[in-house]
Amino acid sequence: MTPPPASMEGLLLTADRLLDGEPADTTTAGRYRGVCLALRGGLELCVDRALEAATPGLSRTTGRHKLLLLHSVASTETARRAKSLWSQLSLGCHYHLYELGPTYDQAQIWRTEADDLIRELIH
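Worth saying up front: this structure is predicted, and the values here are computed from it rather than measured.

Engineer: Explain the side chain of R40 to me, please; I cannot follow it from the model alone.
Structural biologist: Tracing the sequence through the fold places R40 in helix α2 (residues 28-54). R40 gets classed as buried once you look at its relative accessible area, which sits at 18%.

In structure tokens, the structure reads:
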């Protein structure tokens with residue numbers, strides 16, 4: 001049995017729960033990496049929605065191409081911010097041996113930026 005596909009709203013709720021300290025038995029670094037992963041997934045789904053609304057079938061291309069095509073359905077500044085946030089979240093998702101993971105403050109800032117971008121892209 002395959003799990004239901006993730007929703008943008010569900011991923012943002014997951015990020016909020018992780019920022020609030022749930023589940024309590026996870027490590028701090030793991031929790032904030034999880035926030036990054038949830039936010040990145042939510043942003044990707046939002047970009048899919050924006051592209052699909054403008055040009056059906058466009059959302060089936062690769063993630064990198066979607067971010068490049070975003071300027072065709074959103075302002076240049078919004079597309080630039082989305083690409084920048086996606087890149088930061090991608091770095092935050094991955095464990096790097098000689099780097100500290102994302103902090104609470106970084107995750108909170110990225111959560112706010114994701115909210116702003118999603119609002120701009122959906123409306």
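Engineer: Can you walk me through the nonpolar core in this structure?
Structural biologist: One recurring pattern in soluble globular proteins is that nonpolar side chains are buried together. V35, L39, V47, L70, L85 and L121 are the most contacted members of the largest nonpolar core, which has 30 residues in total. Among the elements of the structure, α1 (8-19), α2, α4 (76-93) and α5 (104-122) are those that each provide at least two residues to this core. If one sorts the elements of this core by residue count, α2 sits on top with 10 residues. In this structure, L70 is in contact with V47, L51, A79, A82 and L121, ignoring residues within four places of it in sequence.

Engineer: What exactly am I supposed to notice about the packing of aromatic side chains here?
Structural biologist: What characterises a pair of aromatic rings is the spacing of the ring centres plus the angle enclosed by the ring planes. Tallied over the entire structure, the rule returns one aromatic pair. When the centroid spacing of 6.0 Å and the interplanar angle of 65 degrees are considered together, the rings of Y32 and Y104 count as edge-to-face. One end of the pair, Y32, is in helix α2; the other, Y104, is in helix α5, with 72 residues separating them in the sequence. For Y104, a relative accessible area of 36% corresponds to the partly exposed category.

Engineer: What's the story with the packing of α2 against α4 in this structure? I'm lost.
Structural biologist: Axis angle and axis distance: for two packed helices, these are the angle between their axes and the distance between the axes, and together they describe the pair. Between α2 and α4, whose axes approach to 8 Å, the crossing angle comes to 145 degrees. In terms of crossing hand, the pair formed by α2 and α4 is left-handed. Contacts between α2 and α4 pair R33, C36, L37, L39, R40, L43 and E44 from the former with A82, L85, W86, L89, S90, G92 and C93 from the latter. The residue inventory of the contact of α2 with α4, partitioned by class, reads nine nonpolar, two polar and three charged.

The rules behind the values
Residues numbered from 1 in each chain as written. Predicted model: local features only at pLDDT ≥ 70, side-chain atom pairs only at ≥ 80, totals over all residues. Heavy atoms only, no water. Helix = DSSP H or I, 4+ residues; strand = E, 2+ residues; numbered from the N terminus. Buried < 20%, exposed > 50% of the residue type's maximum accessible area, 1.4 Å probe, protein only. Core = buried A, V, L, I, M, F, W, Y, C linked by side-chain atoms within 4.5 Å. Contact = heavy atoms within 4.5 Å. Phe/Tyr/Trp six-rings, centres within 6.5 Å; stacked < 30°, edge-to-face > 60°. Axes fitted to C-alpha atoms, helices over the stretch in contact; angles between N-to-C directions. Left-handed = near helix turned anticlockwise from the far one by under 90°. Nonpolar A, V, L, I, M, F, W, Y, C, P; charged D, E, K, R; others polar.

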